[in-house]
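Each chain, written out:
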Amino acid sequence: MMNTLARSWRLRSVLVGLVAATILLTFTLVGGTILLVQIPNLKREARADVAREAAEVTARVETTLGTLESRLEFLGQTLQTGATMQQSNAMLDRALGAGPAIRAIYLVSLKGKVLAAGLAAEQRGLRADLLGSDVSATRLFREVVQRRRLVWGDKYLSALSGAVTVGVAMPVDSDLVLMAEIPISYLLSTVQLAIGGKNSSVWLVDRAGEVLVDTMGGRFVNTVNMLNLPVVQAAVAGRELPREFEMAGRSYYPGVSRSGKLDWYVVAGIPAGLENSRIRATVIYVAGGFVGSLLVGLLLAPLWSARLTQALTRIVGRADQITRGEVAGQWPRSLITEFNQISTDLEKMATGLQEREQKLQAVFNTAPVAMSLTDMDNHSVLIDVNEAWCRTFARRREEALGRSGVELGLWRSLEERDAAVQRSVTTGGMVETWAMRGDGVPILCQAFRRELRLEDANLMIWASVDITAVRRTEDALRDLNADLEARVASRTRQLEKLNTELSGAFENLRMTQGELVRSEKMAALGSLVAGVSHELNTPLGNGLMAVSALADAVRSFKGTMQSGLRRSDLEDFVLRVDQGADIAVRNLQRAADLVVSFKQVAVDQTSSQRRRFELSEVVHEMVISLGPTLRRTPYEVVLDVPKIGLLLDSYPGPLGQTLGNLINNAVMHAFDGRQNGTIRITGYRDVNGWIALRVEDNGQGIPAALLPRIFDPFVTTKMGRGGTGLGLHIAYNAVTTLLGGTLTVHSVQGQGTTFELHLPEQAPLAV
Amino acid sequence: MLAIEQRNAAGGILGRPIELLVQDDGQNSVQAMEAVRALVDANVDVVVGPFTSAMTAAVLPQMNQARVVIISPTIAGEEFVGKDDYLFRINAAAVTNAGNYAQMLKLRGVHKVGLVYDLDNRKFTESWSKAFEAAFASIGGRVVAAVPFESNREPAFGALVAKALVGKPDGLVFLATPVDTARLAQQSSKMAPGLAMATSEWAASENLLELGGPAVEGMLTLRVYNRDDPSERTRLFLEAYQARFSRAPGDSAVAAYDAATALMEALVRKSSGESLKEALIRYGPFEGLQQPILFDANGDTNRTMYFTEIRAGRYALVK
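Keep in mind the model is a prediction, meaning the values are calculated, not measured. One numbering rule holds for all chains: residues counted from 1, following each sequence as written. Each chain is given a letter, starting from A, and each ligand a number, starting from 1, according to the order in which they appear as written. In view of the model being predicted, local features appear only for residues whose pLDDT reaches at least 70, and side-chain atom pairs are presented and counted only at 80 or more, with totals across whole chains, interfaces and linings using the full set of residues. Note that water and hydrogens are dropped before the side-chain values are worked out from all heavy atoms of the structure.

K.L.:
So what about the pairing of strand 4 (residues 112-118) of chain B? Which residues, and what values?
P.N.:
Residues and elements named next belong to chain B. With six of its seven residues buried, strand 4 lies for the most part within the structure. With its strands directed away from the observer, a crossover is right-handed exactly when the path from the first strand over the helix to the second travels clockwise. For the purposes of this entry, the term helix denotes a DSSP run of H or I that reaches at least four residues, the term strand denotes a run of E that reaches at least two, and both are numbered from the N terminus. As for the winding sense of the linkage, the β-α-β connection from strand 4 through helix 5 (residues 122-138) to strand 5 (residues 142-149) is right-handed. Summarising the sheet, strand 4 and strand 6 (residues 171-175) pair through five bridges and their orientation is parallel. Of the residues in strand 6, the one forming a bridge with Val116 is Phe174. Each residue is placed in one exposure class: buried if its accessible area under a 1.4 Å probe, protein chains only, is under 20% of its type's maximum, exposed if it is over 50%, and partly exposed if it falls in between. At least two bridges found by DSSP between two strands is the condition for calling them paired.

Shown next, in the form of structure tokens:
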């Protein structure tokens, strides 16, 4: 399920945006810092510069004026009172010098009358006019008279020459005044020269604020009055200058300097803010750098992004191929770790997908059931079919894919198809329907349908099993079944009859078995008695013989006593008596023992009494009682039964009988014809806590064919030769029923036989 | 300038500030024409100036062609009177003034007059002297000498005065700049001390006082305004002017002030669709510094002038 994300951007746009943003930020920070730091510095420098330049100009003006003052002073000193007017005129003429600095010099009386005048050559014609003129009303004259020292006068129109003039006057002696006219053009050209080399714009203004000279081609001269500019007012008032002033629409940093002599002001201005070339340059550099790097970045960013996306595009392309199912080559690698990671992961994913695909395909095709995949969104055309399908419907895969079932002729009729689909919808899956194989043979199919809704496809999976044969078999079976029922019924009747007969026979057999068991018991008893008799016979005989010998010895002694006893005769007698008594005692004791044992066995054997006893008791007793029989054979019996620890609450009689049977068996069958043999009797407690008794021999063993039937009645290999075929059966019965245990046999032909008895400590209680 | 600065400080015309562009005609007609062209090219609404008839004559054709109103505060030449053009005048006509002068002189006992006039401003001086002569003659006076000169050539003023004194006038009339008048007066007081003198309204300025000194004592002149007017308005104006320019205003300054006042008022009252020329004519009288300004259909006004005599270095009103 894909999430609908917010709109996404191309990598190129992102990179470009990133670059732009980085540059923007960098320059904003760096450039801003530079500007913030540098611009105030530049402003400060500019202000310092401009103040300096204004001061320089003023200094120049003052210097020039100072020079003129000196000339005037010098003249004043050299003037002689009492000189004639002519002399004075001549002197004044000379004092003018050749330069343009002074246009006219007048010698004036204290009343203001012009006494002598020095003029430039070309103006000397006016001298007559000038002499006798009254200058008492002029400000300059009034001031020099009042102050009685050298004074400078602001520009004015010279009454004597009509030109704009700057005047300087100084008292000479006590009653004369020297007044000189300086053409303003001279001063102004001096100033012009001084300010021409300056970086600032300079305006020379007089005390009334009128502009006298400027650095802009005289644009402001005679047209602008600067008196009311805050900067000029501040300068006049001696206050601190404002930081900037405006003139003709531009802003300047001001520097104002005052010429004390003339009360003129030199107003200098360096363009402020961005008008200032240095500030502008700084800003332009910063801005230029910003724009430059932005451009470079914006130019390069698409290139870089193209390279990055190239790697990505290749990965995407490769993934695309995988999606379309094409097999393609290597997964692309690039310089970028993350992309390589993606590439590697995609490769793994693709491999995994391919493997899964292969797995599924294998499973699909291995499935023994015909399976097909149809596209619901595309008229149910077949997308895929497995091998089983091809076999079932006898069609080739190539001819089936891309066509619908109807097209292929899978259905016998459209109605059948619709009905089948309908049924599958209602029953929810499994339907039975007829289909047509590719070879024209109709088959009955059991079809399972399952829908598969995917993200971009609606698929239907059909699994079909050809049940034509099965159905036929089923039908046949049903018929047979019916038949069978009848047959079974009659058979049952027959069998019932047989059963009855068999039951009768069985009953007979049981009775006979009981009889036989009884007779075996009697026979056993008989043989036991015979054995006992035989056994007793010997010790009793021996005893009898010994006692007889004694009697003889006594008789002999009696006889000897008659004839005289010798010591040797007594010794002899005693010896014989001793010997004889010994033998008799031994043998009688033995007989007594035997009797006791036999009693025991008899009691045990016939009465089947229950008591507590140690296993070893019974084993010993039985072995003793069989002693005589065994003695006649070359076979030996080895006992390995612990004296205590194997306590039983059971029937010793049958147990002993069983043991006896086993031993007898060994003797009779195992060692048949052999010269030697060993019977090992072992008693132990088994893993279940039961008492176990093993009787094993190393005889000829029991044939394998006989082994399973060895405990059955009448199984014998010695029929007619002393075997009744019941011994083991009786033993088996006794162990299993009376004693409640198990009796098993293991034998290897040629090696030996082992019988194992496992008994519970407590024999089952009699019912 | 002061008027405009004051107006701007008071909020401008209808809320819009007035921009002042200044050009110097340098009393040179070529320069004057260039100056005017520059102003016209800068799309000025109105031109205040020039201050001399010569210059005005030079630039009037241009102004008429450009249809831009030009107000001259000072010119009084006859040729400018009664013409329906774009020229507006603040000053009284020279002819009128000259007539008044004639009468005043006669009143003061001057019957014979020697005239010295500057040809560099002949438009004014010639029409003035002609009018004066006629007026003077009509009341029994006589112009015994008329001495022209050219100011730019720096003439010897002594010689000029001498020439004017031929014929023994009992009064000299100078039609010249304040400076030239002062120089003429200087020569006159040397050569003919105590002789009555008069100078046209053209020379009435503070410079005359300073440069003339005692030589101009008793000189008669016509002024555009009454300096001793006790009215508040005059006093405030004088104070403002002094504060702004560190000197007292001359006649041309006051006339210019009135010109500026009138045109600014006209601009305010002018309705859209009306030209300034029409507004100036229609919406008068405008309140000048000391008198109302009313333009007739030709842009001329009839200005009340004040006769003054220089006494003890000051202009004193002559009743």
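So, next bit.
K.L.:
Go over the packing of aromatic side chains, please, and point to the residues and values.
P.N.:
Here a Phe, Tyr or Trp ring, Trp counted by its six-membered ring, pairs with any other such ring whose centre lies within 6.5 Å, and the pair is stacked when the planes are under 30 degrees apart, edge-to-face when over 60, and tilted otherwise. Per the counting criterion, the structure on display carries 17 aromatic pairs over all chains. Taken together, a centroid distance of 4.8 Å and an interplanar angle of 25 degrees make the contact between Phe711(A) and Tyr732(A) stacked. Within this pair, whereas Phe711(A) is found in the loop between strand 20 (691-697) and helix 18 (727-738), its partner Tyr732(A) is found in helix 18, the two being separated by 21 residues in sequence. Residue Phe711(A) is classed as buried on the basis of its relative accessible area, which comes to 11%. Seen from their ring centres, Phe286(B) and Phe295(B) are 6.2 Å apart, and the 55 degrees between their planes marks the pair as tilted. Assigned by exposure class, Phe286(B) and Phe295(B) land together as buried.

K.L.:
Residue-level account of the interface of chain A and chain B, with values.
P.N.:
For this analysis, residues touch if any pair of their heavy atoms sits within 4.5 Å. Contacts between the two partners involve 29 residues from chain A, matched on the other side by 28 residues from chain B. Contact between chain A and chain B buries roughly 2,200 Å² in total, counting both sides, with carbon and sulfur atoms accounting for 49%. The term salt bridge refers to a side-chain nitrogen of Lys or Arg lying within 4 Å of a carboxyl oxygen of Asp or Glu. At the surface where chain A touches chain B, the tally comes to zero salt bridges. Any pair of N or O atoms that falls within 3.5 Å is considered a polar contact. Within protein, one atom must be able to donate a hydrogen and the other to accept it, and sequence-neighbouring residues count only if both atoms are side-chain atoms. Where chain A touches chain B, the interface holds one residue pair in polar contact (both at pLDDT 80 or more). Secondary structure elements with two or more residues in the side of chain A that touches chain B: helix 3 (127-130) and strand 3 (151-157) of chain A. The dominant element in the side of chain A that touches chain B, judged by the number of residues it contributes, is helix 3 of chain A, at three residues. Residues are grouped as follows: nonpolar covers Ala, Val, Leu, Ile, Met, Phe, Trp, Tyr, Cys and Pro; charged covers Asp, Glu, Lys and Arg; every other residue, Gly included, is treated as polar. Tallied by class, the residues present in the side of chain A that touches chain B amount to 12 nonpolar, 12 polar and five charged. Defined here as a combined quantity, buried area equals the accessible surface (1.4 Å probe) lost by two parts on assembly, summed across both.

K.L.:
Tell me what's going on with the side chain of Gln290(B), and back it up with residues and numbers.
P.N.:
All names here are of chain B. Tracing the chain through its elements places Gln290 in the loop between strand 9 (286-287) and strand 10 (292-293). For Gln290, the side chain forms a polar contact with the side chain of Asp229, separated by 3.3 Å. Among the polar contacts listed, one links the side chain of Gln290 to the side chain of Thr234, at a separation of 3.1 Å. Among all residues touching Gln290, those that are not within four sequence positions of it are Tyr225, Asn226, Asp229, Thr234 and Tyr306.

K.L.:
Talk me through the nonpolar core; I want residue IDs and the actual numbers.
P.N.:
Grouping buried Ala, Val, Leu, Ile, Met, Phe, Trp, Tyr and Cys residues that are joined through side-chain atoms within 4.5 Å yields what is termed a nonpolar core. Membership of the largest hydrophobic core comes to 62 residues, with the highest contact counts inside it found for Ile71(B), Leu105(B), Trp128(B), Phe132(B), Val173(B) and Leu280(B). Counting residues per element, this core draws most heavily on helix 10 (residues 251-269) of chain B, at 11 residues. Here the limits of each domain have been adopted from an automatic or database domain assignment. Each of domain 1 (2-91 + 230-293) and domain 2 (95-223) of chain B contributes no fewer than three residues to this core. Judged by nonpolar contacts, the second largest core, of 47 residues, contains Val61(A), Leu107(A), Ile195(A) and Leu212(A).

K.L.:
Please set out the sheet that holds strand 17 (residues 635-640) of chain A residue by residue, giving values where relevant.
P.N.:
All names here are of chain A. Taken in spatial order, the five strands line up as 17-19-20-22-21 in an open sheet, and their pairing is mixed. Both outer strands of the open sheet, strand 17 and strand 21 (742-748), are each paired with one neighbouring strand and no more. Taken over all neighbouring pairs, the strand axes of this sheet differ in orientation by 15 degrees on average, direction set aside. One ladder, built from seven bridges, connects strand 20 with strand 22 (residues 752-759); its direction is antiparallel. By the bridge assignment for strand 22, Ala692 is matched with His758. Lines fitted to the C-alpha atoms define the axes, with helices restricted to the stretch that makes contact. Angles between their N-to-C directions range from 0 to 180 degrees. Most of the contacts of helix 17 (residues 652-670) go to strand 22, to which it runs at about 175 degrees, and overall it touches strand 17, strand 19 (677-685), strand 20 and strand 22.

K.L.:
Could you give me a rundown of the packing of helix 15 (residues 615-625) of chain A against helix 17 of chain A, with the residues and numbers involved?
P.N.:
Residues and elements named next belong to chain A. Following both chains from N to C, one finds helix 15 and helix 17 inclined at 50 degrees, their axes separated by 9 Å at the closest point. When the axis of helix 15 is compared with that of helix 17, the two are oblique. In terms of crossing hand, the pair formed by helix 15 and helix 17 is right-handed. Residues Leu615, Val618, Val619 and Met622 of helix 15 form the contact with helix 17, whose own contacting residues are Pro652, Leu655, Gly656, Gln657, Leu659 and Gly660. Of the residues that constitute the contact of helix 15 with helix 17, the class distribution is seven nonpolar, three polar and no charged. With respect to orientation, any angle under 35 degrees is reported as roughly parallel, any angle over 145 as roughly antiparallel, any angle of 65 to 115 as roughly perpendicular, and every other angle as oblique. For any pair of crossing helices, the crossing counts as left-handed if the nearer helix is rotated counterclockwise from the farther one by less than a right angle, and right-handed if it is rotated clockwise.

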